[in-house]
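Below are the chains, spelled out letter by letter.
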There are 2 protein chains.
Amino acid sequence: MDIKEFIRTIPDYPKPGIMFRDITTLLGSDKGFRAAIDGLVALHEGAHFNAVAGIEARGFILGGAVAHQLGLGFVPVRKKGKLPHEVISEEYALEYGTDCVEIHKDAVHAGDRILLIDDLIATGGTAAAAVKLIGRAGANVTGASFVIELPELGGRQVLEAMDIEVLSLCSYDGH
Amino acid sequence: MDIKEFIRTIPDYPKPGIMFRDITTLLGSDKGFRAAIDGLVALHEGAHFNAVAGIEARGFILGGAVAHQLGLGFVPVRKKGKLPHEVISEEYALEYGTDCVEIHKDAVHAGDRILLIDDLIATGGTAAAAVKLIGRAGANVTGASFVIELPELGGRQVLEAMDIEVLSLCSYDGH
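Residues numbered from 1 in each chain as written. Chains lettered and ligands numbered in written order. Predicted model: local features only at pLDDT ≥ 70, side-chain atom pairs only at ≥ 80, totals over all residues. Heavy atoms only, no water.

Caption draft 1: Expanded view of the interface of chain A and chain B. The interface of chain A with chain B comprises 37 residues on the first partner and 37 residues on the second. Across the chain A to chain B interface the summed buried area is about 3000 Å²; carbon plus sulfur atoms make up 59%. It is A:I61, A:H68 and A:P84 that lose the most area in chain A upon contact with chain B, and together they represent 21% of the buried surface on that side. Here chain A and chain B share two salt bridges between them. For A:R8, the salt bridge identified is with B:D106, shortest N-O distance 2.6 Å. Remark: the boundary between chain A and chain B carries 16 residue pairs in polar contact (both at pLDDT 80 or more). Elements with a contribution of two residues or more to the side of chain A that touches chain B: β1 (8-11), β2 (19-22), α1 (24-27), α2 (30-43), α3 (58-70) and β4 (73-79) of chain A. Take the side of chain A that touches chain B: its biggest share by element is eight residues, from α3(A). In the side of chain A that touches chain B, the residues fall into 16 nonpolar, eleven polar and ten charged. (Contact = heavy atoms within 4.5 Å. Buried area = accessible area lost by both parts, 1.4 Å probe. Salt bridge = Lys/Arg side-chain N within 4 Å of Asp/Glu carboxyl O. Polar contact = N/O pair within 3.5 Å; in protein donor to acceptor, adjacent residues only side chain to side chain. Helix = DSSP H or I, 4+ residues; strand = E, 2+ residues; numbered from the N terminus. Nonpolar A, V, L, I, M, F, W, Y, C, P; charged D, E, K, R; others polar.)

What follows is the structure, given as structure tokens:
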């Protein structure tokens, strides 16, 4: 099954020149969603993880299902100001300005091996911030899985330089 | 297993007098997360659904896992301005002011029976807005499941008046 059949491309969103890859059509299809989750689970078959982390918000949908399928707990990597207990924060650069992700200080156990899940890897900025956060909390992201990869934007190289196995279900040329 | 053992209570968050029920400790535990998802799946055993809808953002974590376990597609009910294609919007009242949820116009099929998932039901305002949205898109929410219910705030009665079977894994007195 070609997962791309379920992904909708929206030209010029959110701004001219961007081909937005919309996964809501993938999520909304029983066949597509099953293929995506089972595919993500299979990517790292044989690797050992203690928990799954997902990046808000689309990474929550995918990561929650992957964690349950693997019988593991789920760690939400959230946007600033959303978590109720003591947090650690990591800023990262955007095209203009910065953004920030947070986890609870006690979200992971020391030495845990974490599988990071998101829908798409582009420059890898958000994923790298999530990896640093989890590292500061005492655990290690050892694998990262994405439904979509945009290879020209170099996110894979950013994460691989942090000793992370990076795998994806499909890729698109261009931005 | 008592699911409440995994839920952390944070007093006076986000404001004095509120006992915030923090489910990140439930999600982060492999035993807790499995009990929550398998519990949510079991609540409506025997009922027929065509898809699962989850409310951003904690409902994404739970709803994605429930949808995958049931072999169904997942419909994200998102905050305003997050969806890339043509949307329908529904405003709802907060204590002060209003908020808004959105789905894609083509997110559901006519006549679909939808299971709505969120972490917590309080007044039922957000859930009722999600039910109206899905109704306007041509489908029907026929069941709703929550990890936590705050019965004194009356959300169950709001949804039951809309002909929805409402079930939850645990409840807390007070607000």
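Caption draft 2: Representation of helix α3 (residues 58-70) of chain B within the structure. The terminal C-alpha atoms of α3(B) lie 19 Å apart, and with 13 residues this matches the ideal 18 Å at 1.5 Å per residue to within 8%. The buried count for α3(B) comes to ten of 13 residues, which makes it a mostly enclosed element. (Expected span 1.5 Å × (residues − 1). Buried < 20%, exposed > 50% of the residue type's maximum accessible area, 1.4 Å probe, protein only.)

Caption draft 3: View of the environment of A:A35. Residues and elements named next belong to chain A. Along the chain, A35 falls in helix α2. For A35, a relative accessible area of 21% gives the class partly exposed. On a C-alpha basis, the gap between A35 and D2 in space is 9.1 Å, while along the polypeptide they are 33 residues apart.

Caption draft 4: Broad picture of the pattern of salt bridges. Residues and elements named next belong to chain A. This model, assessed by the stated rule, comprises 20 salt bridges over all chains. One salt bridge in this structure joins R8 and D22, with 2.9 Å as the shortest N-O distance. With R8 in strand β1 and D22 in strand β2, the pair connects residues that are 14 residues apart, well separated along the chain. Look at D22 and you get buried, because its relative accessible area is 1%.

Caption draft 5: Representation of the side chain of B:S145. Take B:S145: it is sitting in strand β8 (residues 140-149). Residues within four places of B:S145 in sequence aside, it is in contact with B:L40, B:L43, B:H44, B:L115, B:L116, B:I117, B:D118 and B:L167.

Caption draft 6: A look at the sheet that holds strand β9 (residues 165-171) of chain B. Residue and element names in this part refer to chain B. If you trace the seven strands from one edge of the open sheet to the other, you get β5-β6-β4-β3-β7-β8-β9, paired in mixed fashion. Unpaired on one side and paired on the other, β5 (87-93) and β9 mark the two borders of the sheet. Between one strand axis and the next, the sheet turns through 25 degrees on average, direction left out of account. Where strand β3 (residues 51-55) lies against strand β4 (residues 73-79), five bridges are found, and the strand directions are parallel. Each residue of the ladder has a partner; that of I55, found in β4, is V77. Across the sheet, helix α2 (residues 30-43) touches β7 (113-121), β8 and β9, and the angle it forms with β9 is around 150 degrees. (Pairing = 2+ DSSP bridges. Axes fitted to C-alpha atoms, helices over the stretch in contact; angles between N-to-C directions.)

Caption draft 7: Region of interest: the environment of A:A53. Residues and elements named next belong to chain A. In this fold, A53 is placed in strand β3 (residues 51-55). Expressed as a C-alpha distance, the spacing of A53 and V77, which sit 24 residues apart in the sequence, is 6.7 Å. With near-sequence residues (within four places) excluded, A53 lies in contact with F74, V75, V77, I114, L115, L116, I117 and I134.

Caption draft 8: Region of interest: the confidence of the model for chain A. Summary statistics for chain A give a mean pLDDT of 97 and a share of 99% for residues scoring 70 or more. Overall fold confidence (pTM) sits at 0.98, and the ipTM for the predicted complex is 0.97. (pLDDT = per-residue confidence, 0-100.)

Caption draft 9: The packing of aromatic side chains, seen in detail. Enumeration over the complete set of coordinates arrives at four aromatic pairs over all chains. Ring centres 5.1 Å apart and planes at 80 degrees place the aromatic pair A:Y13 and A:F20 in the edge-to-face group. With relative accessibility at 23%, the residue A:Y13 sits in the partly exposed group. Taking the centre distance of 5.8 Å and the plane angle of 90 degrees together, the rings of A:F60 and A:F74 count as edge-to-face. Here A:F74 lies in strand β4 and A:F60 lies in helix α3, a separation of 14 residues in the sequence. With a relative accessible area of 0%, A:F60 lands in the buried category. The ring of B:Y172 carries the charged tip of B:K4 above its face, separated from the ring centre by 4.4 Å. (Phe/Tyr/Trp six-rings, centres within 6.5 Å; stacked < 30°, edge-to-face > 60°. Lys NZ or Arg CZ within 6 Å of the ring centre and 35° of its normal.)

Caption draft 10: Focus on the nonpolar core. Membership of the largest hydrophobic core comes to 58 residues, with the highest contact counts inside it found for A:F33, A:L62, B:F33 and B:L62. Each residue touching B:F33, except ones within four places of it in the same chain, is listed here: A:G64, A:A67, A:H68, A:L72, A:G73, A:F74, B:L26, B:L27, B:I61, B:L62 and B:A65. (Core = buried A, V, L, I, M, F, W, Y, C linked by side-chain atoms within 4.5 Å.)

Caption draft 11: Spatial organisation of the relation of the copies chain A and chain B. After a rotation of 180 degrees and a shift along the axis of 0.0 Å, chain A superposes on chain B with an RMSD of 0.0 Å. Considering both components of the superposition, the chain copies are consistent with a two-fold axis. The rotation axis passes nearest to the C-alpha of A:A65 in chain A, at a distance of 1.8 Å. Residue by residue, 100% of the interface of chain A is reproduced at the interface of chain B, so both copies engage with the same surface. (Least-squares fit on C-alpha atoms with pLDDT ≥ 70 in both.)

Caption draft 12: View of the pairing of strand β6 (residues 98-104) of chain B. Residues and elements named next belong to chain B. Where burial is concerned, most of β6 is hidden: five out of the seven residues are buried. Of the strand pairs in this sheet, β4 and β6 are connected by two bridges, and their pairing is antiparallel. Bridge pairing links R78 to E102 in β6. Note: β5 against β6, seven bridges, orientation antiparallel.

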